[in-house]
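Chain by chain, the residues run as shown.
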2 protein chains.
Amino acid sequence: MTRSITLAALQASFTGDEDTNIARVADLVRDAAGQGADVILPPELFSGPYFCKTQEETHFARAREWQSHPAVTRLAPLAAELGVVIPVSIFERDGPHTYNSLVMLDADGTALGVYRKSHIPDGPGYQEKFYFRPGDTGFKVWATKKGRVGAGICWDQWFPEAARAMALMGADVLLYPTAIGAEPQDPSLDTAARWRRAMQGHAVSNVIPVCAANRVGDEDGQVFYGTSFICDQTGEIAAELGRTEEGVITACFDLDEIETERAAWGFFRDRRTDLYGRLL
Amino acid sequence: MTRSITLAALQASFTGDEDTNIARVADLVRDAAGQGADVILPPELFSGPYFCKTQEETHFARAREWQSHPAVTRLAPLAAELGVVIPVSIFERDGPHTYNSLVMLDADGTALGVYRKSHIPDGPGYQEKFYFRPGDTGFKVWATKKGRVGAGICWDQWFPEAARAMALMGADVLLYPTAIGAEPQDPSLDTAARWRRAMQGHAVSNVIPVCAANRVGDEDGQVFYGTSFICDQTGEIAAELGRTEEGVITACFDLDEIETERAAWGFFRDRRTDLYGRLL
């Protein structure tokens, strides 16, 4: 019997109403499970609009402890009912600290713990350093009932170090919930192609499938570009969505076959850790 | 006055005759210089056929000290005459040691030193571990008269650590001489797309142009797939060659503009070196 895994990415637009947003994700999770998905990835911070566009202190009220965040408490029973893994992206409060976090719900609804986004962006339209303390958990790979799942969050996806670290920790697949789109400082700047290329590169270099889920929609002039995708261990696109579509994509991978391919390629055999000191 | 650089990649087939091969590269270097190139990259080990297909002790006679290797001594005056930088890939002997090396010829013909390939592949058709000791120089970035040039060699191109290290050392551009093509153990396996994706990923993650030069031709049944390319700092292909074409491609980059873009993207601002220990 071979180990296989079916990944799903969800793509949707989100409103100012938390209940509506979580219900929308729940519906799409149900669709994805109906299509045979084992691991179902919603976009980043789907409980609300992407509030980091501006720096406003009122948004700190959105942060909740991860154990009692409504996105977690409402999706956990669904994960158990459907027998699927759901990485849930939330704005987390931990005492006086606030993080951009991900709670990994296993296929029996158990929360396996929290990952806190390591790389925090800051620039026009994406002023996350105002809201989020840089993560203190380190990179995480979760031994779920469906496979060993590594997950970064949005800006983490641009860093080869994060992908490599998760691969070294034994990840079978890499997931990246995302919120990315227009750059207000330059309306002509479209980062969609390079966004995808960075993650296709991680797939190739680590011989690992990669799944990225982005939001769509126009949030007060900030348009998110969707183009969620799943690529295989060679970086080849296996499934994708357009710039405005909402819905679900899935792709199935044979993890045993990929593990053999990873060994035969020899990247991990040939790493020169004696020469990598400069990276630190 | 802005700092700009024009990169060129050479693509050709090579024979068993060293003089012919070096003369062929010299002709293409002249073509590239005529097109305005500042830095001109020939493929890997162009002085001969790709001998690493099999393990034969007679091939060790191909190794020479880098200072007196005919590819170096013949191309150095050409670099000076044309005022161009030429990274020269050779089979190097240093006492009892043999390396897969690159000698960086500056635009006045001066040899700036040697880089020894850090990552040595080994597999059907590419049995380099039989011939080459893993490099002991560490990664290198050369302050040439035309810009700060980082160069890896072939298998190095699959490792994000090598690209990142060279970017951290201040490289303006990354170069990779290559010899890659058919996989004898599986005639259906075509690695050309992932080969390119890995390096496009390095371009994006480091906001840096990347140039790769490969050989073409059928060498006793081993067909090299060419597809040499130059991509910009977003991974977008700026120039490319086909699978059988021989010739020259060039692309010009504004290094000041790219340096500003690199800073504005914030990748180097946001690296979490405190979390990268696992990479070593």
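Whatever comes next refers back to the structure up there.
Nothing here was measured: the structure is a model prediction, and the numbers come from that model.

The rules behind these values
- Residues numbered from 1 in each chain as written.
- Chains lettered and ligands numbered in written order.
- Predicted model: local features only at pLDDT ≥ 70, side-chain atom pairs only at ≥ 80, totals over all residues.
- Heavy atoms only, no water.
- Helix = DSSP H or I, 4+ residues; strand = E, 2+ residues; numbered from the N terminus.
- Buried < 20%, exposed > 50% of the residue type's maximum accessible area, 1.4 Å probe, protein only.
- Contact = heavy atoms within 4.5 Å.
- Polar contact = N/O pair within 3.5 Å; in protein donor to acceptor, adjacent residues only side chain to side chain.
- Buried area = accessible area lost by both parts, 1.4 Å probe.
- Salt bridge = Lys/Arg side-chain N within 4 Å of Asp/Glu carboxyl O.
- Nonpolar A, V, L, I, M, F, W, Y, C, P; charged D, E, K, R; others polar.
- Pairing = 2+ DSSP bridges.
- Axes fitted to C-alpha atoms, helices over the stretch in contact; angles between N-to-C directions.
- Core = buried A, V, L, I, M, F, W, Y, C linked by side-chain atoms within 4.5 Å.

Draft legend 1. Here's a closer look at the environment of Arg-148 of chain A. Residues and elements named next belong to chain A. Tracing the backbone shows Arg-148 in strand E7 (residues 147-151). Here Arg-148 falls in the partly exposed class, since its relative accessible area comes to 32%. The residues touching Arg-148, leaving out its near neighbours within four places in the chain, are Arg-3, Val-141, Trp-142, Gly-170, Ala-171, Asp-172, Val-173 and Glu-259. Among the polar contacts made by the side chain of Arg-148, one reaches the main-chain carbonyl oxygen of Gly-170 at a distance of 2.6 Å.

Draft legend 2. Spotlight on the interface of chain A and chain B. The interface is formed by 46 residues belonging to chain A together with 46 residues belonging to chain B. Carbon and sulfur atoms supply 63% of the area buried between chain A and chain B, which totals about 4,400 Å² over both sides. Between the two partners, chain A and chain B, sit 10 salt bridges. The partner of Glu-261 of chain B in a salt bridge is Arg-194 of chain A, with the nearest N and O atoms 3.2 Å apart. For the pair chain A and chain B, the interface holds 26 residue pairs in polar contact (both at pLDDT 80 or more). Among the elements of the structure, helix H3 (160-168), helix H4 (192-206), helix H5 (255-265) and helix H6 (267-270) of chain A are those that each provide at least two residues to the side of chain A that touches chain B. Counting residues per element, the side of chain A that touches chain B draws most heavily on H4 of chain A, which supplies 8 residues. Of the residues assigned to the side of chain A that touches chain B, the class counts are 19 nonpolar, 14 polar and 13 charged.

Draft legend 3. The sheet that holds strand E3 (residues 86-94) of chain A, seen in detail. Residue and element names in this part refer to chain A. Taken in spatial order, the 3 strands of this open sheet run E3-E4-E5, and their pairing is antiparallel. Among the strands making up the open sheet, the edge pair consists of E3 and strand E5 (111-116). Each adjacent strand pair in this sheet contributes to an overall mean axis angle of 30°, direction not counted. Sheet analysis places E3 next to strand E4 (residues 97-105), joined by 9 bridges and oriented antiparallel. Each residue of the ladder has a partner; that of Arg-93, found in E4, is Thr-98. Sitting on the sheet, helix H2 (residues 70-82) is in contact with E3 and E4, with an inclination near 155° to E3.

Draft legend 4. Molecular detail of the pattern of salt bridges. All told, the structure shown has 52 salt bridges over all chains when counted by the stated rule. Ionic pairing is found between Lys-145 of chain B and Asp-108 of chain B, a salt bridge with its closest N-O pair at 3.7 Å. With Lys-145 of chain B in the loop between strand E6 (141-144) and strand E7 (147-151) and Asp-108 of chain B in the loop between strand E4 (97-105) and strand E5 (111-116), the pair connects residues that are 37 residues apart, well separated along the chain. A relative accessible area of 56% places Lys-145 of chain B in the exposed class. Counted as one network, the salt bridges with shared partners bring together Arg-3, Arg-148, Asp-172, Asp-256 and Glu-259 of chain A.

Draft legend 5. A look at the nonpolar core. Leu-7, Trp-158 and Leu-175 of chain A together with Leu-7, Trp-158 and Leu-175 of chain B are the most contacted members of the largest nonpolar core, which totals 138 residues. Once residues lying within four places of it in the same chain are set aside, the contact partners of Leu-175 of chain B are Leu-7, Val-39, Leu-41, Pro-87, Val-149, Gly-150, Ala-151, Gly-152 and Cys-211 of chain B.

Draft legend 6. Representation of the pairing of E6 of chain B in the model. All names here are of chain B. Judged by which residues are buried, E6 turns out to be one-sided: Trp-142 and Thr-144 face inward and are buried, whereas Val-141 and Ala-143, on the alternate face, are not. Across 4 bridges, E6 lies against E7 in antiparallel orientation. When the bridges of E7 are listed, Ala-143 appears paired with Arg-148.

So yeah, pure geometry; function would need other evidence.
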